[in-house]
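# Inside the fold
Here are the chains, one letter per residue:
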Amino acid sequence: MAQIEIVEFLTDRRVGDQETARTSPSETFVIARLANREALALAYGREAVEKVRDEVLARARASLGSPSAAWWLDEIDLLLRISYRGSADAHPSLGEVQRRLAQPITVGEYLILPLLVAAAGSVDAGQSVSVGEVEPVIDALRQRVVRAQPALPAIGADAVSCARYRRDMASAAMVSDLLNCDGVVMAWQPVRSSDGSDEILYSEGLSRFIDTDGEALEPGIVVPALERTGLIRLLDHCVVLQTLERLRVHEYQRLGCNISAQSALLDEWWDDAIALLEANRELAQRFVIEITETAAFTDVNRTVQFVDHMRSLGCRIAIDDFGTGHAALRHVVALKPDIVKIDALFLRRCLEGDDADTETFRHLVGLAAACADAVVVEGVESEIGLVMALAAGAAWAQGYHLAAPALFLGRGDSQARSPRVNPWGAAPVPTIRRPDNERDRRWLAATFLLSLFLWIGIAGAWNAVT
């Protein structure tokens, strides 16, 4: 792209190479990349992509209040200029602009959601921006966008793959519509002590999708479709805000909710949630973020930054469905979660299998205990399952045997002040926060176990070869 094109966009007029553009007070430049452009082209055709681009551009200019506030730099990168004058309350936040652009777009018989990945950079108020200074800023933002793109499964050009993508997109558009009409509600299921004492660690919010006819939709179909299309953040953003609002209203509850690994990145989508947590640290201390491993981590280093920042605000971090999915043990060690939740599959195999399955389950609980201060066994559907979880060393359990998910928590599940309820960091065991030196020893143990497993795998492979 020629330098003259950038300056022309910034100043709304044609200028020479030696001229400069004066930025307004508090001005932010944004690159919003249409990350699913190629997938859309394969599934719907190039003409459909052009209609999506035209609508995204129109929405961006309408949201920012100026026809010169947004422009396509090329086929995938949209440049936004957000100029803040006067009260900040009079302007939409960057996250809000991004969510407006991500609403479904009607193209023929289809509803299509653009997957926009954004990066922003601000310029000091009153600073002059020369032609030579603009291009490095744009290039830097583009590099940040590349790093922020979710790891999406490739879509094939064959008819079957394209049809599946269109079905996934239809599910994503449906969820988007439900989010706009309060059709996504939370059912709460407590995580209880496995020793039968009815102590509650926290209650997990499980998303329930209710269509316009009042019928419930299967989360096991909807959520994977959102992850395959990279649009899971629409749901995760709503779920997090719903959970924080409930925590605000019910000041003695401790609640958690799931987010996809694709959403565990610090960016503009988290701005409003982080603002709430920064303003109310007591609320943050009652909030558990469960990271699910059903999708691949986009960037483990960025996820570590996300986890560290949320923990600095007071939140607790849990790894959900441990033992299955994409999260390797090294990722768990890197994230240093407060809570590890063992996938229900392993308890079910323990109950239905032989001694080898029982040993696998016990060792998995022990490995989780080396990585976190609290271990939760999921899928406890019977008394014998609860006994097996306790015998394996898991202090906490979750499942229908203990409590079914409910739209409203009863008083016993509301975690009001009561000696029966285990507050964060207090006895009885497990204490959620332990001294750093003890935690360091436990990370060392986990690293040792990981190395041992690697050596066993190498030895097995060598024996197979020789």
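Being a predicted model, the structure only gives us computed values, none of them experimental. (Residues numbered from 1 in each chain as written. Predicted model: local features only at pLDDT ≥ 70, side-chain atom pairs only at ≥ 80, totals over all residues. Heavy atoms only, no water.)

## A look at the layout of surface pockets
Approximately 770 Å³ is the volume found for the largest pocket. Glu204, Leu206, Asn258, Asp320 and Asp321 are, among the 32 residues lining the largest pocket, the residues nearest its centre. For the lining of the largest pocket, the secondary structure elements donating two or more residues are strand S10 (200-210), helix H7 (219-229), helix H8 (232-249), strand S12 (255-260) and strand S14 (316-322). In the lining of the largest pocket, the residues fall into eleven nonpolar, eleven polar and ten charged. (1 Å grid on protein atoms, 1.4 Å probe; cavity = no way out; pocket = protein on both sides within 12 Å on 5 of 7 lines; lining within 4 Å. Points joined across faces, edges and corners; volume = space filled by probe spheres on them. Helix = DSSP H or I, 4+ residues; strand = E, 2+ residues; numbered from the N terminus. Nonpolar A, V, L, I, M, F, W, Y, C, P; charged D, E, K, R; others polar.)

## Concerning unusual backbone geometry
Apart from glycine, the bulk of residues carry a negative phi angle, and the bulk of peptide bonds sit in the trans form. The backbone of Asp182 shows a phi angle near 60°, a positive value even though the residue is not glycine. Mapped onto the elements, Asp182 comes out in the loop between helix H6 (159-180) and strand S9 (184-193). Residue Lys336 is not a glycine yet carries a positive backbone phi of 50°. Among the structural elements, Lys336 can be located in the loop between helix H12 (329-335) and strand S15 (339-342). Judged by its relative accessible area of 36%, Lys336 falls in the partly exposed class. (Buried < 20%, exposed > 50% of the residue type's maximum accessible area, 1.4 Å probe, protein only.)

## Examining the confidence of the model for the protein chain
Counting all residues, the mean pLDDT for the protein chain is 80, and 76% of those residues have values of 70 or more. Low pLDDT, under 50, characterises residues 1-8; the predicted model gives this stretch 18 contacts beyond four residues in sequence or across chains. Within the model, pLDDT remains below 50 along residues 11-25, and this stretch shows 37 contacts once partners closer than five positions in the same chain are excluded. (pLDDT = per-residue confidence, 0-100. Contact = heavy atoms within 4.5 Å.)

## Points about the nonpolar core
Of all hydrophobic cores here, the largest spans 103 residues; its most connected members are Leu78, Ile291, Met310 and Ile342. If one sorts the elements of this core by residue count, H8 sits on top with eight residues. Contacts of Ile342, omitting those with residues within four sequence positions, involve Phe322, Phe361, Leu364, Val365, Ala368, Val375, Val376, Val377 and Glu378. (Core = buried A, V, L, I, M, F, W, Y, C linked by side-chain atoms within 4.5 Å.)

## A few points about the pairing of S12
Most of S12 is tucked away: six of the six residues are buried. Residues Leu255, Cys257 and Ile259 line one face of S12 and the alternating positions Gly256, Asn258 and Ser260 line the opposite face, and both faces are buried. As paired elements, S12 and strand S13 (residues 287-292) share six bridges and run parallel to each other. Considered in S13, the bridge of Ile259 is made with Ile291. (Pairing = 2+ DSSP bridges.)

## Some thoughts on a nonpolar patch on the surface
On the surface, Leu351, Ile384 and Val387 cluster together into a nonpolar patch covering about 250 Å² of accessible area. Relative to the helices and strands, Ile384 is located in helix H15 (residues 383-392). (Patch = residues over 30% accessible without salt bridge, like charges linked within 9 Å, V, L, I, M, F, W, Y side chains within 5 Å. Areas by Shrake-Rupley, 256 points an atom, 1.4 Å probe, with all protein chains shown as cover. Salt bridge = Lys/Arg side-chain N within 4 Å of Asp/Glu carboxyl O.)

## As for helix H9 (residues 271-279)
Those residues of H9 that fall on the buried side of the exposure criterion are Ala273, Ile274 and Leu277. Seen end-on, H9 carries its buried residues on one side only, within an arc spanning 95°. (Arc of directions from axis to C-beta.)

## Some details on the environment of Leu347
For Leu347, the position within the fold is in helix H13 (residues 344-352). Taking the C-alpha atoms as reference points, Leu347 and Thr360, 13 residues apart in sequence, are found 9.7 Å from one another. Not counting the four nearest positions on each side in its chain, Leu347 is found in contact with Phe361, Val377, Glu378, Gly379, Val380, Gly385 and Met388.

## Some details on the side chain of Thr229
Following the sequence through the fold, Thr229 ends up in helix H7. For Thr229, a relative accessible area of 1% corresponds to the buried category. Reaching out from Thr229, the side chain makes a polar contact with the backbone oxygen of Ala225 at a distance of 3.0 Å. Setting aside residues no more than four positions away along its own chain, Thr229 makes contact with Leu115, Leu152, Tyr165, Asp168, Met169 and Ala172. (Polar contact = N/O pair within 3.5 Å; in protein donor to acceptor, adjacent residues only side chain to side chain.)

## Quick notes on the packing of H6 against H7
For the pair H6 and H7, interaxial distance at closest approach is 8 Å and the crossing angle is 110°. The angle between H6 and H7 places the two elements in the roughly perpendicular class. With respect to the hand of their crossing, H6 and H7 are arranged in left-handed fashion. Counted together, Arg164, Tyr165, Asp168, Met169, Ser171, Ala172, Met174 and Val175 of H6 and Val222, Ala225, Leu226, Arg228 and Thr229 of H7 form the full contact between these two elements. (Axes fitted to C-alpha atoms, helices over the stretch in contact; angles between N-to-C directions. Parallel < 35°, antiparallel > 145°, perpendicular 65-115°, else oblique. Left-handed = near helix turned anticlockwise from the far one by under 90°.)

## Examining empty space enclosed by the protein
Under the counting rule described, the total for this entry stands at three cavities of 30 Å³ or more. Space inside the largest cavity adds up to approximately 210 Å³. What lines the largest cavity is a set of 17 residues, and nearest its centre among them are Leu115, Leu116, Val117, Arg233 and Trp269. Within the residue set of the lining of the largest cavity, elements represented by two or more residues are strand S7 (116-123) and H8. Element by element, the count of residues in the lining of the largest cavity is highest for S7, at three residues. Residue classes in the lining of the largest cavity are distributed as twelve nonpolar, three polar and two charged. For the second largest cavity, the calculated volume is near 80 Å³. As for the second largest cavity, its lining consists of Arg233, Asp236, His237, Val240, Leu241, Ser263, Trp269, Trp270, Asp272 and Ala273. Per element, the largest residue contribution to the lining of the second largest cavity is five residues, and it comes from H8. Residues of the lining of the second largest cavity, tallied by class, amount to five nonpolar, two polar and three charged.

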